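The lines below spell out each chain.
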Amino acid sequence: MLAFGLVLNILGIGLFCWVTFALAVYALPFFIALSAGILAYRHGAGVFGALLIGIASGTLTLAAGQLAVALSRSLILRVVIGAAFAVPAAIAGYHVVFGLSQIGVPSLAWREVFASLGAVCIGGTAWTRLTVFAENRPSESAGVVENAPEPVLRAAAHER
C-alpha cells in the first residue's frame, strides 16, 4: 500500500509539472483577461459580460502575440514580444516551484535556487511555445540572400 501511495504521489507531481509547463505561455493572456474582466465587472458589465470580455481579451492577446511573432521580420520585435510572454510565465513558474519546494525542502536557500531554476525553465518553455510558429527567414544583407537554396537538377541535366 505504501508503494502504491508513492507511485500515485509521483504521478500527481508529474501531472502537476506537465500542466504547469503546458500552461506557461498563457500567463500573460490570463493576466490580461483577468484584469479586463474585473474592470468590466466594476464598470457594470455584470458577471456574464465580464466573463465574455475577459475570455475575448485573453484570446485576442494570445492570438495577436502569436501572429505578431510569426509575421514579424524584425528580430528585436520578436524578442520584445517573446519577453512580454515569457516574463509573466517565469514569475508564475518561480512562485509555483517555490510553493512546491516548501513541501520537501527545509532550507530557504535551496528553495530559492530551485524556484529560480524553475522560473528559467518555465519562462524558456513559454518563449519556445510562443515562437514555434515563427518562420526562420534567411538573413538578407544588401539585397543578397545568404544560404539561398540551390535549384534541384533534373535527370536530363545529369545525362549531358
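Residues numbered from 1 in each chain as written. Predicted model: local features only at pLDDT ≥ 70, side-chain atom pairs only at ≥ 80, totals over all residues. Heavy atoms only, no water.

### Concerning the packing of aromatic side chains
Operational definition: Two aromatic rings, drawn from Phe, Tyr or Trp (for Trp, its six-membered ring), form a pair once their centres lie within 6.5 Å of each other, and the interplanar angle then sorts them: stacked below 30 degrees, edge-to-face above 60, tilted otherwise. Every helix listed is a DSSP run of H or I at least four residues long, and every strand listed is a run of E at least two residues long, numbered separately from the N terminus.
The tally for this structure, following the rule as stated, stands at two aromatic pairs. Relative to Phe98, the ring of Tyr94 lies with its centre 6.0 Å away and its plane at 10 degrees, an arrangement referred to as stacked. Separated by four residues within a single helix, Tyr94 and Phe98 lie in helix α4 (residues 75-104), roughly one turn from each other.

### Here we look at the confidence of the model for the protein chain
Going by this rule: Values of pLDDT, ranging from 0 to 100, describe the predictor's confidence in every residue of the model.
The predicted model of the protein chain has a mean per-residue pLDDT of 83, with 82% of residues at 70 or higher. When mean pLDDT is taken per element in the protein chain, helix α2 (residues 27-42) scores highest with 93 and strand β1 (residues 140-141) scores lowest with 50.

### Thoughts on the side chain of Ser101
Rules: Here a polar contact is taken to be a pair of N or O atoms separated by no more than 3.5 Å, where protein atoms must pair a possible hydrogen donor with a possible acceptor and residues adjacent in sequence count only if both atoms sit in side chains.
Residue position: Ser101 is located in helix α4. Polar side-chain contacts of Ser101 include one of 2.9 Å to the backbone oxygen of Phe98.

### A few points about the packing of α2 against α4
Packed helix pairs are specified by the crossing angle of their axes together with the interaxial distance, meaning the distance between the axes. The line we're drawing: For helices, the axis comes from a line fit to the C-alpha atoms of the stretch in contact; other axes are also lines fit to C-alpha atoms, and the angle between any two N-to-C directions lies between 0 and 180 degrees. Orientation is classified from the angle alone, with under 35 degrees giving roughly parallel, over 145 giving roughly antiparallel, 65 to 115 giving roughly perpendicular, and any other angle giving oblique. Note on definitions: a residue-residue contact is assigned when non-hydrogen atoms from the two residues lie within 4.5 Å. Classification used: nonpolar for Ala, Val, Leu, Ile, Met, Phe, Trp, Tyr, Cys and Pro, charged for Asp, Glu, Lys and Arg, polar for all others including Gly.
At a minimum axis separation of 7 Å, α2 and α4 run at an interaxial angle of 85 degrees. Comparing the axis directions of α2 and α4 gives the class roughly perpendicular. Contact residues: α2 offers Ala27, Leu28 and Pro29, while α4 offers Ala84, Phe85, Pro88 and Ala89. When grouped by side-chain class, the residues that make up the contact of α2 with α4 number seven nonpolar, no polar and no charged.

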